Amino acid sequence: MEGRSKSLSAIASDIAEGFITVNPLFLKKFSEKDLKELHDVIIKKERQIRAEPFPFNEPLQIRKRNMKLQRLYQAMVVIKNFMEGRI
């Protein structure tokens, strides 16, 4: 995408942290190639979070980790549906 101020990995991190909400309006400014790359970067970010040691006996850390994974999964579903033209 021309004029993008952030890298795709930074966007994926912001999605995981909850700073960016992925919806069709947000995705309109991306080209099809950028959407595929964003999807791949989100998958990498999800793997990175899953690779971190699991925080046993720390409910707040577990909740934070699960929320990140949930946001990334939701973003992947929205991107997939947007690319297929369902949204």
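The preceding data block contains the structure.
Rules used throughout
- Residues numbered from 1 in each chain as written.
- Predicted model: local features only at pLDDT ≥ 70, side-chain atom pairs only at ≥ 80, totals over all residues.
- Heavy atoms only, no water.
- Helix = DSSP H or I, 4+ residues; strand = E, 2+ residues; numbered from the N terminus.
- Expected span 1.5 Å × (residues − 1).
- Contact = heavy atoms within 4.5 Å.
- Salt bridge = Lys/Arg side-chain N within 4 Å of Asp/Glu carboxyl O.
- Buried < 20%, exposed > 50% of the residue type's maximum accessible area, 1.4 Å probe, protein only.

(A) Quick peek at helix α3 (residues 32-51). Over its 20 residues, α3 runs 29 Å from end to end, which matches the ideal 28 Å to within 8%, given 1.5 Å per residue. Considering only its buried residues, α3 is in contact with α1 (8-17), α2 (24-27) and α4 (59-84).

(B) Quick look at the pattern of salt bridges. Summed over the entire model, instances satisfying the criterion amount to five salt bridges. Note that Asp14 and Lys6 form a salt bridge whose closest N and O atoms lie 2.0 Å from each other. Taking relative accessible area as the criterion, Asp14 reaches 15% and is therefore assigned buried. Look at Lys6 and you get partly exposed, because its relative accessible area is 36%. The partner of Arg50 in a salt bridge is Glu46, with the nearest N and O atoms 3.6 Å apart. Taken together, the residues Arg50 and Glu46, both in helix α3 and four residues apart, mark about one turn of the helix. The exposure class assigned to Glu46 is buried, which follows from its relative accessible area of 13%.

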